[in-house]
Amino acid sequence: MANEQILTCAINIGEQLLINGAEISRVEDTISRICSAYGVRQSHIFSIASCIIVSLETSDGEWITQTRRILNYGTNMYKLDRLNNLSRKICSEQLPRQAIEEEFDAIVKSKEYPPALQIAVCAMVAAAFTVFFGGTLRDGFAAAFVGVLLKLTLYGLQSMKMKQIFSNIICSILSGLLCIFVCFAGLGRHLDTIMIGNIMLLIPGVLLTNSFRDFISGDMISGLLHFSEAIITAVCVAGGFIIAIILTGGSL
């Protein structure tokens with residue numbers, strides 16, 4: 001491959017790793033290893049949550065650079081696993097450009113789990129956490145009902161391309177009101193455990209974990225960015241439930 005093609009392949013994989021929830025150290029290490037596998041003399045990678053900058057020195061002594069801006073990212077363990085396998089295969093076998101692009105495109109275009117399955121999992125998680133924190137089976141079914149409506153609301157807000165901070169506030173307010181409603185309607189008994197079960201659907205656990213992994217790896221800027229985003233998201237979620245309680249006259 002030409003030097004520009006090596007850089008493009010490496011930064012494409014790094015970009016998708018970052019978009020799908022990989023920690024910064026994994027992104028930088030993957031790009032560096034791919035470049036080294038194709039005879040690049042040295043590579044310098046700078047990555048944060050929203051940007052990747054890669055400069056490398058080719059075997060001819062030429063320096064080339066590419067930058068990628070990351071606008072949205074989330075968590076997709078299936079794609080992360082396949083991207084990791086692809087990067088290891090590239091480093092061990094030095095695949096040609098066409099083979100890399102074919103497998104990379106297949107990974108990027110791979111479908112997510114169907115919406116019905118995701119909704120069912122959200123209901124199950126909400127019910128499980130409700131029972132785990134002391135609720136009854138009746139409370140679990142009530143939490144599952146709220147979890148289904150919460151996931152449907154998230155789908156609607158995502159289709160509107162609403163910013164995450166506002167969608168979290170709206171979802172938490174709606175979820176809090178629904179939790180109070182199901183208790184008033186007699187579907188559930190313990191409002192606090194039903195709320196906890198649905199709060200767990202909105203808590204940014206992976207993002208917070210990645211922030212500490214970035215700290216441990218020495219990526220302080222990325223760690224602070226991820227940590228700040230996780231804290232702000234958690235505050236928005238808590239604030240939404242507080243607003244729901246206030247709107248109903250302090251039902252909790």
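Below, the structure is looked at part by part. Computed from a prediction, not measured in an experiment: that's the story for all the values here.

**As for a nonpolar patch on the surface**
Turning to step 1, where the next piece is worked out: On the surface, Leu208, Phe212, Phe227, Ile231 and Val235 cluster together into a nonpolar patch covering about 410 Å² of accessible area.
Turning to step 2, where the next piece is worked out: Taken together, the elements giving at least two residues each to the nonpolar patch come down to α9 (205–217) and α10 (220–247).
Turning to step 3, where the next piece is worked out: Mapped onto the secondary structure, Phe227 falls in helix α10.
Turning to step 4, where the next piece is worked out: On the basis of relative accessibility, which here comes to 30%, the residue Phe227 falls in the partly exposed class.

**Structural notes on the nonpolar core**
Turning to step 1, where the next piece is worked out: Grouped together as the largest cluster of nonpolar side chains are 30 residues, with contacts concentrated most on Ile31, Ile52 and Ile90.
Turning to step 2, where the next piece is worked out: Within the residue set of this core, elements represented by two or more residues are α1 (3–19), α2 (24–37), β2 (51–57), α3 (77–93) and α4 (97–108).
Turning to step 3, where the next piece is worked out: In this view, Ile90 contacts Ile13, Ile34, Ala37, Tyr38, Leu95 and Ile100; residues no more than four positions away in its chain are not counted.
Turning to step 4, where the next piece is worked out: Judged by nonpolar contacts, the second largest core, of 20 residues, contains Ala126, Ala143, Leu178 and Val182.

**Brief notes about the sheet that holds strand β1 (residues 42–48)**
Turning to step 1, where the next piece is worked out: The strand order across the open sheet formed by 3 strands is β1-β2-β3, and the pairing between neighbours is antiparallel. Looking at which strands have only one partner, the edges of the open sheet turn out to be β1 and β3 (63–69). The average angle at which neighbouring strand axes cross in this sheet is 10°, direction not considered.
Turning to step 2, where the next piece is worked out: In this structure, β1 lies alongside β2, joined through 7 bridges in antiparallel fashion.

**Some thoughts on helix α5 (residues 115–132)**
Counting along an α-helix, one turn takes 3.6 residues, and residues three or four places apart therefore face a common direction.
Turning to step 1, where the next piece is worked out: The terminal C-alpha atoms of α5, which comprises 18 residues, lie 26 Å apart, in line with the 26 Å expected from a rise of 1.5 Å per residue.
Turning to step 2, where the next piece is worked out: Taken together, the buried positions of α5 are occupied by Ile119, Cys122, Ala123, Ala126, Ala127 and Thr130. The buried side chains of α5 occupy one side of the element, clustering within an arc of 125° when seen end-on. Seen from the buried face of α5, the exposed residues on the opposite side, beyond 90 degrees, are Met124 and Phe132.
Turning to step 3, where the next piece is worked out: Structurally, α5 contributes buried residues whose contacts are with α6 (137–159) and α8 (191–199).
Turning to step 4, where the next piece is worked out: Downstream of α5 by a residue or two, Gly134 has a phi angle that is positive, lying close to 105°.

**A few points about the environment of Arg69**
Turning to step 1, where the next piece is worked out: Residue placement: Arg69 occurs in strand β3.
Turning to step 2, where the next piece is worked out: According to the relative accessible area criterion, Arg69 is exposed, its value standing at 55%.
Turning to step 3, where the next piece is worked out: In the structure, Arg69 is positioned 79 residues away from Val148 in sequence and 34 Å away in space, judged by C-alpha atoms.

**Re the packing of α9 against α10**
A pair of packed helices can be characterised by two numbers: the angle between their axes and the separation between those axes.
Turning to step 1, where the next piece is worked out: With their axes 8 Å apart at the nearest point, α9 and α10 run at an angle of 160° to one another. One finds that α9 runs roughly antiparallel with respect to α10. Helix-helix and strand crossings are classified by hand; for α9 and α10 the assignment is left-handed. Of the residues in α10, those in contact with Leu207, Leu208, Ser211, Phe212, Asp214 and Phe215 of α9 are Met220, Ser222, Gly223, Leu224, His226, Phe227, Glu229 and Ala230.
Turning to step 2, where the next piece is worked out: Each residue belonging to the contact of α9 with α10 can be placed in one class, and the counts come to 8 nonpolar, 4 polar and 2 charged.

Rules used in this analysis
Residues numbered from 1 in each chain as written. Predicted model: local features only at pLDDT ≥ 70, side-chain atom pairs only at ≥ 80, totals over all residues. Heavy atoms only, no water. Patch = residues over 30% accessible without salt bridge, like charges linked within 9 Å, V, L, I, M, F, W, Y side chains within 5 Å. Areas by Shrake-Rupley, 256 points an atom, 1.4 Å probe, with all protein chains shown as cover. Salt bridge = Lys/Arg side-chain N within 4 Å of Asp/Glu carboxyl O. Helix = DSSP H or I, 4+ residues; strand = E, 2+ residues; numbered from the N terminus. Buried < 20%, exposed > 50% of the residue type's maximum accessible area, 1.4 Å probe, protein only. Core = buried A, V, L, I, M, F, W, Y, C linked by side-chain atoms within 4.5 Å. Contact = heavy atoms within 4.5 Å. Pairing = 2+ DSSP bridges. Axes fitted to C-alpha atoms, helices over the stretch in contact; angles between N-to-C directions. Expected span 1.5 Å × (residues − 1). Arc of directions from axis to C-beta. Parallel < 35°, antiparallel > 145°, perpendicular 65-115°, else oblique. Left-handed = near helix turned anticlockwise from the far one by under 90°. Nonpolar A, V, L, I, M, F, W, Y, C, P; charged D, E, K, R; others polar.

Coordinates in, geometry out; function isn't part of it.
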